[in-house]
2 protein chains.
Amino acid sequence: MHDVAALAGVSHQTVSRVLNDFAGVKPDTRERVTEAINALGYRRNLAARTLATGRSQSIGVLAPEVPNFGPMASLAAVERAAREAGFYSLVISTTPEPARVAEALDYLLGKSIDALVLMAQQRSVVDAVTSTAVGLPIVYLLTGGESSDWAVSVDQGAGVDIAVQHLIDLGHRRIQHIAGPIDFSEARLRRLAFDRIVAAHGLDSLPLLIGDWTADSGYAAALALDPTATAVFCANDQMAVGAIHALVDSGRRVPEEVSVVGFDDLPEAKHSLPPLTTVHQDFEGVGHRAMEVLLARLNEQGCPTIDPFVPWLVERASTAPPRTNHPT
Amino acid sequence: MHDVAALAGVSHQTVSRVLNDFAGVKPDTRERVTEAINALGYRRNLAARTLATGRSQSIGVLAPEVPNFGPMASLAAVERAAREAGFYSLVISTTPEPARVAEALDYLLGKSIDALVLMAQQRSVVDAVTSTAVGLPIVYLLTGGESSDWAVSVDQGAGVDIAVQHLIDLGHRRIQHIAGPIDFSEARLRRLAFDRIVAAHGLDSLPLLIGDWTADSGYAAALALDPTATAVFCANDQMAVGAIHALVDSGRRVPEEVSVVGFDDLPEAKHSLPPLTTVHQDFEGVGHRAMEVLLARLNEQGCPTIDPFVPWLVERASTAPPRTNHPT
DNA sequence: CCTGGTAATGTTCACGGTAACATTTGATGA
DNA sequence: TCATCAAATGTTACCGTGAACATTACCAGG
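Predicted, not measured: the structure shown is a model, and the values here were computed from it.

**Q** A description of the side chain of A:T95 should follow, citing residues and the corresponding values.
**A** Residues and elements named next belong to chain A. Within the secondary structure, T95 sits in the loop between β2 (88-94) and α6 (98-110). The exposure class assigned to T95 is buried, which follows from its relative accessible area of 17%. Only 3.2 Å separates the side chain of T95 from the side chain of E97, close enough to count as a polar contact. Looking at T95, its side chain comes within polar contact range of the side chain of R100, at 3.2 Å. Not counting chain neighbours up to four residues away, the residues in contact with T95 comprise E65, R100 and V101.

This is how it looks when you write it as structure tokens:
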């Protein structure tokens, strides 16, 4: 910066003023400085800037390490919104072990982040962070609405309700659930909601199947499907795709013999065969909203209520009335 | 740090030595300092450290903004390998416009990154970077092997060859290609390789169809498929899935009437109906190798040859001999 | 012509670490 | 006992920027 100042014949502070768009710099001075900057290919040192100001103009994002479509879409939206607001995002992905979370958090705090977006699918991650983080605005994402303050979330219960209600409306009474890993908040919430609505309608309770979000695990789980079940509600689309494959492999037709519902509405869901009936979540909306909330918080504007996003049903060909109940 | 030093009754420099694991600190002094650190919840300021040392112990990663599975998998591998080597990764994703790329690069350089991993799917991005970046070790990823120096890549030509050869071996002679966006190096390379092998075998050249990597675009492209084509080679799995959907929708059976081959071998490819014959790429391997190369470069160890990864064919049910050529 | 005031610019210091060098401490052997 | 030397620790300067304050330039009005 001093080189630039020397070349432009001004002090380094004037250069700083030009860089930061301060008023009160004569146009021709400004131009001389700009020229010098370009001539020298000067680029300001952000570490020094951060050190001097105490702020880094960047928000930390603690993200899950497993790159699933949903979190990635939300993450991308967060990053875009951050950039549009003049912030850079410092993303660090971590597995949910407390030690790893603490380490990641240490790094982010050491980098003087101005705020934190916590994309935590597991309760343990939230706990690890809340026990550490201090004096920073935080917004929670993907927690399934468990922590109420400053949490942007999708109403999982509502999503499950419309999906299962759809099956019930079609006439299904033996519906089985393939859940995600139980340590995931979303998996737990979906499972609880499923149990609740099944009980509310007095349907038979079939054994719970558990997968790990992958299509492979959905395939494996569906092989163990109750032979009398006429419908499967899968906790995500990938498992649903795997389940359909398993059902077809074992000679059961979808949707004629077994209906399958997914959750997420991945871009590929509509091109699966049969096209997958599923619950649409606005991943990008969640990410975008999270940044809105965070910015409001940074500007000290109170943000009283954060309504959860309400997902909706996308009805496709993987669901149909059960044969057994409604013979043609 | 001075507070810590005061509490432990030593100088700040001794604290620094403890933090950096320097030899020559008496065990009990070290312990006192450690205690003081914990007592005060002290965390060192990385901006100051970076400013003082000139290095940030972090490598910048310029990644594409569209979160496709492949790049994401490679990215995750890069991050993991970086962390294992004691580096943090500073990921910034950008669209390919030169201005945006330059901006992203500016940010990374301003952050004093020690090296750069460039995940560039488009030539324009590579150009924008090479015209700017100076004095930094760079490794190129996903460029399809176009820039020869320090580029880690998958041999696209080999992948296309095995895929198309497979179709030819089955007896297909009218094979159409659904390519990705032509500004993507990978799309271009696959298309060129396809043209080459088709010409080499003297097969008929059918009109080129172009998609944008999405299943939707694959669906749209396949609707325009040549009626006489007996096989489609798609530049990625998502478009292949969309293509199968379109073919089935228009009453053509897969693989009985039309064979479909994809590229990438996404985790879901094997659960598509019919399971997708495709070319497997080792995305994680590429990411991992990129970091190996980068570390070797940082340590001034010459890294003479970087062999491209060779993809392989995964044969599944979406391909079969053509009916017309080999009537049963 | 001088005064007052504002716009433009310059000077100094601090941010929180690390590196280089300076100093103190403590053990060893003549 | 003291010289010697290495180990342990302390002191000082500096990294590149921005904030606060100091200064200079310039203009208008009495």
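Once the structure has been displayed, the description carries forward.
**Q** Explain the relation of the copies chain B and chain A residue by residue, including any values.
**A** Superposing chain B onto chain A takes a rotation of 180° combined with a translation of 0.1 Å along the rotation axis, leaving an RMSD of 0.1 Å. The relationship between the two copies is best expressed as a two-fold rotation axis. By C-alpha distance to the rotation axis, the residue of chain B lying nearest is B:A47, at 2.3 Å. Comparing interface residues between copies, 100% of those in chain B also lie at the interface in chain A; the contact surface is shared.

**Q** Which residues make up the sheet that holds strand β6 (residues 175-179) of chain B, and what values do they have?
**A** All names here are of chain B. One open sheet accounts for 4 strands, arranged β7-β6-β8-β9; its pairing is parallel. Where the open sheet ends on each side, the last strands, each with one partner, are β7 (209-210) and β9 (259-261). Bridge count for strand β8 (residues 231-234) against β9 is 3 bridges, and the pairing is parallel. Residue A231 lies in a different strand from β9, and its bridge partner there is S259. Docked against the sheet, helix α9 (residues 185-200) engages β6 and β8, running at close to 170° with respect to β6.

**Q** Which residues make up the layout of surface pockets, and what values go with them?
**A** In this structure, the second largest pocket encloses a volume near 580 Å³. Around the second largest pocket, the lining is made up of 22 residues, and of these A:D106, B:L19, B:R44, B:L46 and B:Y88 lie nearest the centre. At the level of secondary structure, the elements contributing two or more residues to the lining of the second largest pocket comprise α6 of chain A together with α2 (12-19), α3 (27-40) and α4 (46-53) of chain B. A total of 4 residues in the lining of the second largest pocket trace back to one element, the largest contributor, which is α6(A). A breakdown of the residues in the lining of the second largest pocket according to their chemical character gives 7 nonpolar, 8 polar and 7 charged.

About the criteria used
- Residues numbered from 1 in each chain as written.
- Chains lettered and ligands numbered in written order.
- Predicted model: local features only at pLDDT ≥ 70, side-chain atom pairs only at ≥ 80, totals over all residues.
- Heavy atoms only, no water.
- Helix = DSSP H or I, 4+ residues; strand = E, 2+ residues; numbered from the N terminus.
- Buried < 20%, exposed > 50% of the residue type's maximum accessible area, 1.4 Å probe, protein only.
- Polar contact = N/O pair within 3.5 Å; in protein donor to acceptor, adjacent residues only side chain to side chain.
- Contact = heavy atoms within 4.5 Å.
- Least-squares fit on C-alpha atoms with pLDDT ≥ 70 in both.
- Pairing = 2+ DSSP bridges.
- Axes fitted to C-alpha atoms, helices over the stretch in contact; angles between N-to-C directions.
- 1 Å grid on protein atoms, 1.4 Å probe; cavity = no way out; pocket = protein on both sides within 12 Å on 5 of 7 lines; lining within 4 Å.
- Points joined across faces, edges and corners; volume = space filled by probe spheres on them.
- Nonpolar A, V, L, I, M, F, W, Y, C, P; charged D, E, K, R; others polar.

Remember, this is a structural readout, not a statement about activity or role.
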